[in-house]
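Chain and residue survey
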Amino acid sequence: MRVSGNVLRAREQFIRSRSPQAWGEVLAEVSEPTREAVASGLLETRWYPYEVLIDLSSTADRVLGKGDWALCREMGRFSCEKNLTTVHRLLLKFGNVGHLVERAATAWRSQFDAGEIIIHERHRDLYVVEVRGVPEPSRAHCAGISGWMARAAELSGEDDFQLEEKCRALDDGYCMWTFTRQAMEHPGR
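Residues numbered from 1 in each chain as written. Predicted model: local features only at pLDDT ≥ 70, side-chain atom pairs only at ≥ 80, totals over all residues. Heavy atoms only, no water.

**Things to note about the packing of helix H5 (residues 70-83) against helix H8 (residues 139-155)**
- Running from amino to carboxyl end, H5 crosses H8 at an angle of 45°, the nearest separation of the two axes being 6 Å. By the angle between their axes, H5 is oblique relative to H8. As for the relative orientation of H5 and H8, their crossing is right-handed in sense. Contacts between H5 and H8 involve Cys72, Arg73, Gly76, Arg77, Ser79, Cys80 and Glu81 from the first element and Arg139, Ala140, Ala143, Gly144, Ser146, Gly147, Trp148, Ala150, Arg151, Ala152, Glu154 and Leu155 from the second.
- Class assignment of the residues belonging to the contact of H5 with H8 gives a composition of 8 nonpolar, 5 polar and 6 charged. (Axes fitted to C-alpha atoms, helices over the stretch in contact; angles between N-to-C directions. Helix = DSSP H or I, 4+ residues; strand = E, 2+ residues; numbered from the N terminus. Parallel < 35°, antiparallel > 145°, perpendicular 65-115°, else oblique. Left-handed = near helix turned anticlockwise from the far one by under 90°. Contact = heavy atoms within 4.5 Å. Nonpolar A, V, L, I, M, F, W, Y, C, P; charged D, E, K, R; others polar.)

**Notes on empty space enclosed by the protein**
- The tally for this structure, following the rule as stated, stands at 2 cavities of 30 Å³ or more.
- Looking at the largest cavity, its volume works out to about 220 Å³.
- Within the residue set of the lining of the largest cavity, elements represented by two or more residues are helix H1 (5-18), H5, helix H7 (97-111) and H8.
- Ranked by the residues each element gives to the lining of the largest cavity, the list is headed by H8, at 5 residues.
- Across the lining of the largest cavity, the residue classes tally to 9 nonpolar, 5 polar and 1 charged.
- By volume, the second largest cavity is sized at about 70 Å³.
- Around the second largest cavity, the lining residues are Tyr50, Val131, Arg132, Gly133, Val134, Glu136, Pro137, Ser138, His141, Cys142, Arg168 and Cys175.
- Of all elements in the fold, only strand E4 (126-132) and H8 reach the threshold of two or more residues within the lining of the second largest cavity.
- Looking at the lining of the second largest cavity residue by residue, the class counts come to 6 nonpolar, 3 polar and 3 charged. (1 Å grid on protein atoms, 1.4 Å probe; cavity = no way out; pocket = protein on both sides within 12 Å on 5 of 7 lines; lining within 4 Å. Points joined across faces, edges and corners; volume = space filled by probe spheres on them.)

**Comments concerning the sheet that holds strand E6 (residues 175-181)**
- The 4 strands are arranged E3-E4-E6-E5 in an open sheet whose pairing can be described as antiparallel. Looking at the sheet topology across the chains shown, the edges are occupied by strand E3 (116-122) and strand E5 (161-166). Across the sheet, the mean angle from the axis of one strand to that of its neighbour is 15°, orientation sign disregarded.
- Two strands pair when backbone bridges link them, and E4 and E6 are joined in this way by 6 bridges, in the antiparallel orientation. Each bridged residue has a counterpart across the sheet, and for Tyr127 the counterpart in E6 is Phe179.
- Sheet strands touched by H8: E4, E5 and E6. Its angle to E6, the strand with the most contacts, is close to 25°. (Pairing = 2+ DSSP bridges.)

**Remarks on the confidence of the model for the protein**
- Looking at the protein as a whole, its pLDDT mean stands at 87, while 86% of the residues score no less than 70.
- At the low end of the mean pLDDT range in the protein sits helix H6 (residues 86-93), at 49; at the high end sits helix H4 (residues 50-64), at 98. (pLDDT = per-residue confidence, 0-100.)

**Here's the deal with the nonpolar core**
- Counting residues in each nonpolar core, the largest one holds 48 residues, and the members touching the most others are Leu8, Ile15, Leu53, Leu56, Val131 and Met149.
- At 9 residues, the largest contribution of residues to this core is made by H8. (Core = buried A, V, L, I, M, F, W, Y, C linked by side-chain atoms within 4.5 Å. Buried < 20%, exposed > 50% of the residue type's maximum accessible area, 1.4 Å probe, protein only.)

**A word on the packing of aromatic side chains**
- Considering all chains together, one arrives at 2 aromatic pairs under this definition.
- Seen in terms of ring centroids, Phe14 and Phe78 are 5.6 Å apart; in terms of plane orientation they differ by 70°. Their pairing is edge-to-face. Taken together, the residues span a long stretch of sequence, with Phe14 in helix H1 and Phe78 in helix H5 at a distance of 64 residues.
- By relative accessible area, which is 6% here, Phe14 ends up buried. (Phe/Tyr/Trp six-rings, centres within 6.5 Å; stacked < 30°, edge-to-face > 60°.)

Dropping the structure here:
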């Protein structure tokens, strides 16, 4: 499986934004194949081994974060900010979570050369999205996807959705994200 350079480039930009020495600290801890892959600079138009994404993300989470995947979620949020086009941002601003779900499926195909996003449910109050066909489950990857989806929902103005995640790397049978609209509170009831 391979990943588009624009995904890795967003990870690099996020890591560099943490501190002037952060990129060097992370590169000092990644595997030699990852270091070699990024040594000449990450090109957004090039495809890289999926393992580079996992190594870079999980190492950054451990070195710059607490090793609890929270930094991977932040990287996913950052990637959403960097990689959504102006047209998609405009559609999201009008509260269109359905567009977010469709965008996730389209974005997957442009960023990964294997696997797919399956949309199981798409209703006003419930959206269920599954990632299939990724050979090796990775907590770093799923945490990044969670961050991307959460940020895209926020950008849509849909702040009343709760996000639940299942992950094969956590021994769930699948990698799935469920958006459920929270019931509105009615004063006096």
